Amino acid sequence: MPYQLFPLGDQLNLPLTLRRYHAFGEDAANRYDGKVLKKVFAGDSRLHLLMLFARANHVCCEVFPATKSPRVLTEAGRIARHLLGLQFPLAEFYAFAEGDPVLRRLTQQYRGFRPTLAADLFEMMVTSISAQQINLQFAFTVRSRLVRRYGEKLQHNAAIYFAFPTPQKLSRVRVRSLRVLQFTGKKSEYIIGLAKAIHTGKLNLYQLQNLSDEAVAEQLLPLHGVGRWTVDWLLARGLGRGNAIAAGDLGVRKAIQHFYFNGESQSEDAIRSFAQRWGDFTNLAVHYLLTGLALGA
């Protein structure tokens, strides 16, 4: 049976929040049809399907197969809160935005939008590597191929859903197998290397949440294929750090240039310096700017 998770309204606009899961094509690990978001996750040594949807002025959560297991329900709740960005202090951000004409307009226009956070840090890292130096539509396409090829399957109502592949699974994959999915040779090596580092215990992604931004970077930057861009997105959309900004991201630069610099080009350092005015609301500000640019505000 579904249970109410969070009220809809000024603090949560479900379609706006989940828009990214179908705005760039299929996301095989996070299936969203505009009404229900479905995600496969592991709990109590089996797969479950999490379903998020709106009902009676609330966003509701349902798990299949139905269970009373506290561990499974706790994990489902954790994933749901991440996918809905419920960790972000939206009310405080809206009060802060009143002092910035651009943010004030965007927060009024996109009331209730919350940046989604990745439910799993390995999934977030692979997502970032997949998106390096290509458009998001193609990044979604090749990543969905990866999920369908190597993710475990779960059937529900005659439909097949896929879990994101585990580090253990991808650590055994060969480069040429990922090349068939249209990953580049380098990205194939990066993904397999990351999976091996996690599987062997060389890297523990789940300890990163307890580290400072600088310490997170020190842990990740030595990995092949991980640069500042990837670290910044992990801080922003994996760990949900309030002050995070992927200042080297072309989309982020375009959004800030559009709204604050009349479209004039700015360097990565200039963007990072400019964003300091937002402090711990930087992550939220950037996502509202990106949404405004994407939706033509």
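The structure we're discussing is the one just above.
Residues numbered from 1 in each chain as written. Predicted model: local features only at pLDDT ≥ 70, side-chain atom pairs only at ≥ 80, totals over all residues. Heavy atoms only, no water.

*Asks:* Just to check I follow, could you spell out the layout of surface pockets for this structure?
*Replies:* Take a probe with the size of a water molecule and roll it over the atoms, and the empty space left behind shows itself. One number sums up the size of the largest pocket: a volume of about 1100 Å³. Lining the largest pocket we find 39 residues, and of these Phe24, Leu136, Trp233, Asp249 and Leu290 sit closest to its centre. For the lining of the largest pocket, the secondary structure elements donating two or more residues are α1 (14-18), α6 (121-130), α7 (136-150), α12 (228-238), α13 (250-260) and α15 (282-294). Across the lining of the largest pocket, the residue classes break down as 17 nonpolar, 14 polar and eight charged. (1 Å grid on protein atoms, 1.4 Å probe; cavity = no way out; pocket = protein on both sides within 12 Å on 5 of 7 lines; lining within 4 Å. Points joined across faces, edges and corners; volume = space filled by probe spheres on them. Helix = DSSP H or I, 4+ residues; strand = E, 2+ residues; numbered from the N terminus. Nonpolar A, V, L, I, M, F, W, Y, C, P; charged D, E, K, R; others polar.)

*Asks:* Is there a simple way to explain α12 in this structure?
*Replies:* In an α-helix, one turn spans 3.6 residues, which is why side chains three or four residues apart end up on the same side. Burial runs high along α12: nine of the eleven residues are buried. By the burial criterion, the buried members of α12 are Thr230, Val231, Asp232, Trp233, Leu234, Leu235, Ala236, Arg237 and Gly238. In the core, the buried residues of α12 are packed alongside α2 (20-23), α6, α11 (213-220), α13, α14 (268-275) and α15. (Buried < 20%, exposed > 50% of the residue type's maximum accessible area, 1.4 Å probe, protein only. Contact = heavy atoms within 4.5 Å.)

*Asks:* Explain empty space enclosed by the protein here, please?
*Replies:* Taken as a whole and assessed by the stated rule, the structure comprises one cavity of 30 Å³ or more. Roughly 110 Å³ of volume is contained in the largest cavity. Along the wall of the largest cavity there are 14 residues; nearest its centre are Asn30, Ala118, Glu123, Thr127 and Arg237. Per-element accounting of the lining of the largest cavity gives the leading share, three residues, to α6. Taken together, the residues of the lining of the largest cavity break down into six nonpolar, two polar and six charged.

*Asks:* Sorry, what's going on with the sheet that holds strand β2 (residues 31-32) here?
*Replies:* Whenever strands of a sheet pair, they do so through backbone hydrogen bonds, lying parallel or antiparallel. Ordered by their spatial adjacency, five strands build an open sheet running β1-β5-β4-β3-β2, and the pairing between neighbours is antiparallel. In this open sheet, the two strands that pair with only one neighbour each are β1 (3-7) and β2. Where strand β3 (residues 36-43) meets strand β4 (residues 46-55), eight bridges bridge the pair, whose relative direction is antiparallel. Bridge pairing links Phe41 to His48 in β4. (Pairing = 2+ DSSP bridges.)

*Asks:* Help me understand the pattern of salt bridges, please; the structure alone is not making it clear to me.
*Replies:* Think of it this way: side chains of opposite charge can pair up when their charged atoms draw near. A complete count under the given rule lists ten salt bridges for this structure. Residue Arg143 pairs with Glu123 through a salt bridge whose shortest N-O separation is 3.8 Å. Here the residue Arg143 occupies a position in helix α7, and Glu123 occupies one in helix α6, the gap between them amounting to 20 residues. Each of the two residues, Arg143 as well as Glu123, counts as buried. Note that Asp213 and Arg241 form a salt bridge whose closest N and O atoms lie 2.5 Å from each other. Separated by 28 residues along the polypeptide, Asp213 in helix α11 and Arg241 in the loop between α12 and α13 bring together distant segments of the chain. The burial state of Asp213 is the same as that of Arg241; both residues are buried. Through salt bridges that share partners, Asp27, Lys39, Glu123 and Arg143 make up one connected network. (Salt bridge = Lys/Arg side-chain N within 4 Å of Asp/Glu carboxyl O.)

Worth remembering: the numbers are spatial, not functional.
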